[in-house]
Amino acid sequence: MKIIRLIKEMSNFSCLSRQKGKTIGFIPTMGALHAGHLSLIRCARKENDLVVVSIFVNPSQFGPKEDFKKYPRNLKKDADLCKNEGVDVIFYPLVTGIYPAGFKTYVEVKELSDMLCAKSRPGHFKGVATVVTKLFNIVLPDTAYFGQKDAQQAVIIKRVVMDLNLAVRIKVMPIIREKDGLAMSSRNAYLDKKERKSAAVLYMGLKKAEGLIKKGAVNPQYIIRRMKNIIEKERAVKIDYISIVDAEDLRPLKRIKGKILLALAVRIGKVRLIDNLIING
Ligand code: PAJ
């Protein structure tokens, strides 16, 4: 397994590989890899000749008061995990490589970047869309793999690929969860024991909503109220939002119909967690 730091070297590797007719599967990450990331890597390994994982804690997607500085970084551990999964290349660029002096161009997706998570993380998706577009241009993947865990991110990336005619196929993979249902996340490491226990309530809320919808509930406000009741029983958990939107375009729904996305974000102490469920209403 190679670890490549220079953009030029990564580009050359990808160009040469594609000239030889090899397919490239790509998993963009910020490191601190867990079973969720590994599920994306495994899928890419099955479907491609070469697998590239990028590890880059992208400063442009963090707000000034967010956890950019303390975001967990452990290249040695991540590299061991990648090696075990048969990854061919870890692309581990420098911040000054991705954002050299004079950098001025951003990718911004209208509307989709203003709702749900964007309300408490202004500018976040502009940073995500920009870095992912750059990574695609450097790594030149045939297929890129994303997790349903970050549902809004996946919808936005698909939109960017369509709108900018990027020649990459996007695959979105299911959420990998802990035993109690908590979606795996690098940020779960910030939770203390008590907070970690409270966090199980997120999935309980989502499953409650799913049950209600399966029984025929069609009013989003009613469903959201019932979810709130469950989640707010844990005093430590503060709801940022609970939304019921169209799963494809994130349009808010007045009535449950078709493929819907039930998305939520909460704060537990200083930690912000997100989760979601797709339901066929
Ligand atoms: P990161 O949070 O490291 O996540 C990398 C990928 O792993 C994302 O596509 C995310 O949705 C997926 N993932 C995370 N937890 C998961 C889980 N429990 N189950 C399945 N997939 C999961 O998302 C980012 O990094 C960044 O925004 C990035 C796209 C790399 C741009 O900087």
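Our structure's up above, just so we're on the same page.
A brief report on the enclosed structure follows. This one's a predicted model, so the numbers in the text were calculated from it and none came from an experiment.

1. Details of the sheet that holds strand β2 (residues 24-29)
Logical step 1: What the six strands build is an open sheet, ordered β1-β4-β3-β2-β5-β6; its pairing is parallel. Each edge of the open sheet carries a strand with a single partner, namely β1 (2-4) and β6 (169-173). Pairs of neighbouring strands in the sheet enclose a mean axial angle of 25°, with direction left out of account.
Logical step 2: Across five bridges, the pairing between strand β5 (residues 143-147) and β6 is parallel.

2. Some details on the sheet that holds strand β7 (residues 237-246)
Logical step 1: One open sheet holds the three strands; their spatial order is β7-β8-β9, and the pairing between them is antiparallel. Looking along the sheet, the strands with just one partner apiece sit at the ends: β7 and β9 (271-280). On average, each strand axis in the sheet is inclined to that of its neighbour by 15°, with strand direction left out of account.
Logical step 2: Here β7 pairs with strand β8 (residues 259-268) via nine bridges, running antiparallel. By the bridge assignment, Ser243 is partnered in β8 with Ala263.
Logical step 3: The strands that helix α8 (residues 200-214) touches are β7, β8 and β9; relative to β9, the one it contacts most, it runs at about 20°.
Logical step 4: With respect to the sheet, helix α9 (residues 220-231) is in contact with β7 and β8, its orientation differing from that of β7 by roughly 155°.

What counts, and where the lines are drawn
- Residues numbered from 1 in each chain as written.
- Predicted model: local features only at pLDDT ≥ 70, side-chain atom pairs only at ≥ 80, totals over all residues.
- Heavy atoms only, no water.
- Pairing = 2+ DSSP bridges.
- Helix = DSSP H or I, 4+ residues; strand = E, 2+ residues; numbered from the N terminus.
- Axes fitted to C-alpha atoms, helices over the stretch in contact; angles between N-to-C directions.
- Contact = heavy atoms within 4.5 Å.

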